[in-house]
Each structure stands twice: as structure tokens, then as C-alpha cells.
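Single-letter residue listing:
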Amino acid sequence: MRKNCAFALIGALAGFASLEAQEDAFELNPLLASAERIQLNQSYSQAAVSKLGIREFELGQFRDIADSLATYPGIASFRRTNSLAAHPTTQGVRLRNFGANASSRALVLFDGVPQNDPFGAWVYWHQYDLTQLDALHIYPSGIAETWGNMASGGLVSMVAKEAAAGARLFQASIGSAESYDLKAYAAYAAGDEAVFDIGIRRFDSDGFHTLAESQRGTVDEAAYSSAAILNTRVSWKPNEAWKSQLSLRLFDEERGNGTPLGRNDTEGLDLSWVAEREIPDQDATLNLSLYLQDRTFRNVFTSVEDDRNSERPALDQYDVPAEALGGALVYRSELDLGLRYAAGVDFRMLEGAVNERYRNLGSGFTRERYAGGEQDFIGLFTQIETELSDRDTLTGTIRLEDLKREEGRRTETDTENGNLLLEEAYADSTRTVLSGNLNWTHKLTENSNTQFALFSGYRSPTLNELYRPFRVRNDITEANPELANERHQGLEISYHHHSADGLSGLRLSGFFYEASEMVANALLTTESGFDPRFGFIPPGGSGSARVNLDRSHVSGIELQAKRQLSQSLRATLTAVYAETEIRNDELEELQGNAFPQSAPWKAVAGLEWKAKDSLTLWTNYRWYDRSWEDLGNTRRLGATADLSLGAHFEIDAQRSLSLHLSNAFDERNVSGIASNGLVTIDEPREFQVTFTWKK
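Below is a short write-up of the structure. (Residues numbered from 1 in each chain as written. Predicted model: local features only at pLDDT ≥ 70, side-chain atom pairs only at ≥ 80, totals over all residues. Heavy atoms only, no water.)

### Structural notes on the packing of aromatic side chains
In step 1: According to the stated counting rule, one finds 10 aromatic pairs in the structure shown.
In step 2: With a centroid separation of 5.6 Å and 15° between ring planes, the pair formed by Phe-110 and Tyr-128 is classed as stacked. Of this pair, Phe-110 sits in strand E4 (residues 107-110) while Tyr-128 is found in the loop between strand E5 (113-114) and strand E6 (133-139), placing the two residues 18 residues apart along the sequence. Residues Phe-110 and Tyr-128 agree in their burial class; the two are buried.
In step 3: On the numbers, 6.0 Å between centres and 55° between planes, the contact of Trp-122 with Phe-297 is tilted. Placement of the pair is Trp-122 in the loop between E5 and E6 and Phe-297 in strand E14 (residues 284-304), with a sequence separation of 175 residues. As far as burial versus exposure is concerned, Trp-122 and Phe-297 are alike and both buried.
In step 4: Grouped by ring-pair contacts, the aromatic residues Phe-98, Phe-455, Phe-511 and Tyr-513 constitute a single cluster.
In step 5: Just above the ring of Phe-511 sits the side chain of Arg-96; from NZ or CZ to the centre is 4.4 Å.
In step 6: The lysine or arginine in question, Arg-369, covers the ring of Tyr-358, its NZ or CZ lying 4.0 Å from the ring centre. (Phe/Tyr/Trp six-rings, centres within 6.5 Å; stacked < 30°, edge-to-face > 60°. Helix = DSSP H or I, 4+ residues; strand = E, 2+ residues; numbered from the N terminus. Buried < 20%, exposed > 50% of the residue type's maximum accessible area, 1.4 Å probe, protein only. Lys NZ or Arg CZ within 6 Å of the ring centre and 35° of its normal.)

The following block contains the structure:
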């Protein structure tokens, strides 16, 4: 029903925006310039901790979006396994270690439309094409509270290139692990007022073994992945007042979990409409957006025998459907005396469920489970920015959000006799949350300033955390429909300096974040056999449950530096220290522990040398400190390091060739240790060669 309403509403509004209107001619800003809901003045542009653009994307330094994000060490998914082989449910996004499990604590946008999965908030990075991106920005906590749920943990914003009639692109990449990546793009004029563009991508890789070599048996294989993506847009400007864009993305992704029976796949559809209306007599703009996300996820977890020579399905999540319907209306204006303000309303409605078979003792599944529900978010927000003096700018944001949980239920059935074993309906709940931020920027000189930010926000547990159990090797984690909302608050102070030519710069920040009711996965038992909470736990396995931690914090510093060493040589360094600690919890054994998978120190250093006009060489070195695998801090993960090298050669104005070598020294980087001692490792040495033609 929601999907049908979305198609009808998006179509009607897109048609309305195309109607002719009599307006005076004037110059329009780019349609998506304010899609982030972050004012694009100097102080806020400097608030981004990472900014990448067309220049970086075209140099061939990144194989995909995940590679480009890794240039900022403060961003990470829960496990340090490359997205080529990682399970999609571990691809949540967090900044500066702010998060105690795999769920996202940061909001991801594409052209101003939320991208986090409606069921689990993870992100399918394969669906994005670097060749079609104009910009990629990462903002820390305390900047994006206008977005509400999840945004207090930070914001990742991708903005697509503006469609230009006549543009063409073909790109082909081949590499190790029998991998290939094919991309094609074309844009066509559709009359005088519109442009239609289409992009396709086909990706496939045999992947790599994620289990340590000494522990593999005959059942172990490489964790592969493949994806097919179609992107289409219609961009039109019916008159001098309106700009609109209607976008459709379809993707199909398949992955192997490292054994023959362990598989997962996802089908996705994203439909969105965004528009901008200029109001010149008020020096204002009106932004409108509507979007629909539709996902179908399937996944099989297996139980592998101790000798790793045989396996059997242990949990078959054969249908995990999820949908999101959302939209926003935002008004922005600039008044006299240096006062700017924005006000708006938005909504996001989510629904999802897991249908799964479980309890396989060797002769097939004997139980079936359904668990799911709905979440609705409706928010009102305003942002005011004023210039207190020639040197001081103050910005404040306040947001009031109403959130509901509805239709939550869980049923379990004995498939051998049809008996209903469990039927639970969870009470609907409604909460109202107030959040906001306050940012002060003081200009020290023409090339330097200081910034101070205070913020308060929240995150609602995902449908995945509330209703879906999961399994990693022999470790089982149960869902919890009674989870409370996380509350976040914090502060940050930073100093920023850049040279007059913008080629060199320094940013130094200190931050402190505190969370109450942080969701984490707490170990409850390591006893094998049947357990009514978890079903059958294999020998060496464990049972955990999602719980709320009373209080926890993250504190640290961040250094970013870039310097033009010579006319042709450029150096960059980003280092993040983010210490995590559980401060107070009913589970006394967790007091003082660090968050799992949260290395305190992380750093990325890079060199770029333009050897001649047509040839650029580059290298990046990434290092992560030691961390803990588990919330109990019993399994220690060692430090990891990898060196990437590459070259970009411009054959002529239209053709180029790139070489990318990752983990050049073939380091063995451990990304996980299961309770039975099985070791998960990250990608080995990999290479990729890319040919690009464009016009």
C-alpha cells in the first residue's frame, strides 16, 4: 500500500513541478547544493572532516565508494573486512568509534535522500558509481541535527554530477580474484528543458578467503560478491523558478558467506523526486523531496563441523522484506544583517520483517519464525545562523521529532505438526524527542578560525535490532523488541588553518561524546546444546542478546594536515584518537570496557606526485591500532596496516588508464576472532587495472 501511494504521489508532484509559470528570469543555484541541510558558507564547509570531488575520483585512487571513504580513518563499518567480501549486515556506518555494535550511528545521503537500509540501517556500497559522483562529504557529530534519527552520529553525503546532454562514459576494470567492473553512462537531451541520463554497472569478484588458512577445511571457500545496477534520471527546468529531478535506481547483489551453503542476496529499488523553487522577492528557496526504498534480503547461516569438512544450514532467512517512504519540505531564506534561517518538516515511515526457518538438527528445519514491525518518524526543525560580528558566526538548530513503533509481533511455528509455539504482539509506543545543536565560529585571520559545537540527538533501534536474530559462525545473537532509544550528546572544539592558495592546511579537533542506552550485543552463555533463548548452540559457540548500556562515552582528538611539498608533490595525513569506555551498566562485568572493533588510534598518510602532465603516481598507508573483538574485552585483535599504490595515465583528453594495488606487502590483517577461536582475515594483496573513455 505504501509503495503504491509513493508512486502516485511522486508522479503527481513531479508533474506539478513541470507546469509552466510566469516568473522573471534570474540565476538559479544548483538543485542539490543544499541537499545536505548544511549551510554552504565558509564555516560549515570547513566542518567537513573529509571532502572528495571529481579530481580525486578521476585519478583512479579508489576502486569503489568504500575505498574512497577509507581515506578518512575516522569512518568504519563494524568489522575491518573489505566490502568486497563483508556480510552486508556488518556494513553499518559509524564515525570516531561512536557505536558498540554493527548498526549505523551515522546517516548516509545520496542527493539529499537517506540511503541507510530501512530494516537494518546498513549500506549497500556496490550500488553507487564513483564515475557519476560530483562530491563526497563526511561531517562529524554536532553538525547535522536537522536530520534527526541517527544524524547525531555524523553524516555521509554523496552528491551526483549534474546531468549534461551529450555526456558519455565507458569504464572497464579487471583485477585479481577474477574480478571485473564494467560501467557505462550516457545523457540525452529531451527537448529544450530536460535531460535524461542512464548509467549501468556490472561487478563480479571471486573475492577472498575470510578464514585464516591454517583453520580452513574442505568446506571453506572464498567469499565472493557480484552486483548489477541500473541508474536513470530525468532532470528538467520548466521555467526560471523550478528545477526538478526524478531518479530511479535498481540493484541486485549476491554474496557468498565463505562456505558453499552460506549465501545472501538483495534486490533493491530506490525512487526519488527532488525539486527546488526559487522565490526571488524573498531571497529564498523552497526544497521538496519524496522517496521510496524497497528491499528484499535473503540469507543463509550455516553450522560447520569442527573439522570444517561439512556443514548444514542453521538459519534460513528466506524472506526479509523492507520498505521506506519519506519526504521533506524545507524553506530557506537570507535576511538583512547577516541572518539566514531554514525551517522544514520531514517524515520517514519504515516497515520490515524477517521470515526464517530454524532448528535444523540434521534432517532439515523444523521451526519457522516471523518477526517484524513498523517505525514512523515525523520531524519539525529550524536552523538560524547569524553573523555576530565580522569575525563571529553563531548557528543554532532545534528539532522536535515524533517517533512510533507499531505492529510489532513475533510468531514461531512447528513445521512438522503445524502447532503454534509462540505468538507475541508488542505494544505500540510513541515518543517525542527534542534534539539540536549550537555552533560558534570565530575567525582569527583571513586563513584561520576556531569552531565550537554542542549537540544533543538520538538514535532509534533498527527493525533489525528489534526483531531479527543473527549468527556469525557458531555465535548466535538474539533480537530484543524492548530496546530503548539511544540518546547522544557531546561537544567539539577545533582549529582550522589553510594557506592563501588553499593547497596546504591544518585542522586540529578535540571531541567528547556521551551516550545513554547505547545498543550492544552482550554475551549471556557459552554452553553448547539447546537453549530456549537461542535454540541449538554448537560446541564452541555462544549466545548473546542485544541490550541497552546505561552510559558510555567516546573522547579523543583528530589531526588533519595537507601540504604542497613542491609544485608536483602533495602530502596528506589524517590521524584519529578515539577512546571508548562503558561507564555505568547493570552488567558489572562490562564496567570500564571498550567498545568492540574500536581501535583507539587510526591513521592514513598519503603522497601524490604528478610526474608529468599526463602521469600521476600516488600511495596511501593506513594503520589501525589494536582493538577488542567482543564487548567483554576477552579477545584481542592486533594492529593492522596496509599500503596501497597506484598510477593514473592520461592517454589523451578522452582516454585514461589507471593501476591500483592494495595491501602491497600482502599483510595478514585479522578482522575478527570468534568465541571458538576461528580467525577472520581481511583482503590479501589485490590489483586492478582500469580503462576509462569519456566525452
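### Considerations on a nonpolar patch on the surface
In step 1: Residues Leu-388, Leu-438, Trp-440, Phe-452, Leu-454, Leu-491, Ile-493 and Phe-512 make up a contiguous nonpolar surface patch of about 680 Å² in total accessible area.
In step 2: Among the secondary structure elements, those contributing two or more residues to the nonpolar patch are strand E20 (429-445), strand E21 (448-459) and strand E24 (486-498). (Patch = residues over 30% accessible without salt bridge, like charges linked within 9 Å, V, L, I, M, F, W, Y side chains within 5 Å. Areas by Shrake-Rupley, 256 points an atom, 1.4 Å probe, with all protein chains shown as cover. Salt bridge = Lys/Arg side-chain N within 4 Å of Asp/Glu carboxyl O.)

### With respect to the nonpolar core
In step 1: In terms of nonpolar packing, the biggest core is built from 41 residues, with Trp-125, Met-158 and Leu-549 touching the most fellow members.
In step 2: Listing elements by their share of this core, those giving two or more residues are helix H4 (65-69), E4, E6, strand E7 (155-160), strand E25 (505-525), strand E28 (542-564) and strand E29 (569-584).
In step 3: Residue contributions to this core peak at 6 residues, all from E25.
In step 4: The contacts of Met-158, once residues within four sequence positions are left out, are Ile-65, Val-108, Leu-109, Phe-110, Asp-111, Trp-125, Tyr-128, Leu-133, Ala-135 and Leu-136. (Core = buried A, V, L, I, M, F, W, Y, C linked by side-chain atoms within 4.5 Å. Contact = heavy atoms within 4.5 Å.)

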